[in-house]
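Listed here are the chains, written in short residue letters.
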Amino acid sequence: MKKIFGIAFILAIAACKFNGEQTALPFYGNRTPTTVNGKTDTIYQTIPAFKTVNQYGDSITNKSLDGNIYVADFFFTTCPSICPTMHRNMLTVYEAFKAEKDIKIISYSIDPKHDSVAVLKKYADKMGVTGNTWWLLQGKKEEIYKLSESYLVGKPKEDAQQQFIHDGFFILIDKQKHIRGFYDGTVPEQVANLITDIKKLKSEPDQIVAK
């Protein structure tokens, strides 16, 4: 296994202020200027539609996350290197927010051929993950790989030995499905920053826009 970090493409929009003082998290990704009734506004990149099933066999789509702040990552259950470290660290996020109904964690498997619903459930059980705060998701491989690009992380690959290569980022998404942060999931200090930023995002007005 190789450990690869690096975001394929990020365009960070400058942070703005709300409540007079607090600085909002930045927006990441493409932005498209648009004019409505003579006024110029900006449309920010969002996570597109997707279809998956979780460790309980329930259908999970982008609409399942409406009204939720969530953290996303990409993994596979047989990963011998960064995934165990990432998910040990993600457990800290899970424990911090498992009682809050508007916070979710979603982990997309990049090896759906092996990672069946039963395998994902066993993996979740081993970590002590219950309930609906953290969903382990299985979908069509080509669709998950393409979806990774919408999250602005490196597209998963397979090397000559058919080993999977993927980034170890946790990606923070707001209630409008905008990308608001990236964190190295193997570094506890960055995961602590993620927890702080989730709390900051929870206090942010729902319709805030970057300036």
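### Let's talk about the overall build of the chain
Stage number 1. When helices and strands are counted, the chain shows four helices and 15 strands.
Stage number 2. Burial status across the chain gives 48% buried among its 211 residues.
Stage number 3. Nonlocal contacts in the chain, meaning residues at least 24 apart in sequence, comprise 70% of its contacts between residues at least 6 apart.
Stage number 4. Total accessible area on the chain is roughly 10400 Å²; 51% of this is exposed by carbon and sulfur atoms.

### Thoughts on unusual backbone geometry
Stage number 1. Residues other than glycine seldom take positive phi values, yet Leu-152 does so here, at roughly 65°.
Stage number 2. Counting through the fold element by element, Leu-152 comes out in the loop between helix H3 (141-150) and strand E12 (157-158).
Stage number 3. Of note, the phi angle at Lys-177 is positive, near 70°, even though the residue is not glycine.
Stage number 4. As for its placement among the helices and strands, Lys-177 is situated in the loop between strand E14 (169-173) and strand E15 (179-184).

The rules we used
- Residues numbered from 1 in each chain as written.
- Predicted model: local features only at pLDDT ≥ 70, side-chain atom pairs only at ≥ 80, totals over all residues.
- Heavy atoms only, no water.
- Helix = DSSP H or I, 4+ residues; strand = E, 2+ residues; numbered from the N terminus.
- Buried < 20%, exposed > 50% of the residue type's maximum accessible area, 1.4 Å probe, protein only.
- Contact = heavy atoms within 4.5 Å.
- Areas by Shrake-Rupley, 256 points an atom, 1.4 Å probe, with all protein chains shown as cover.

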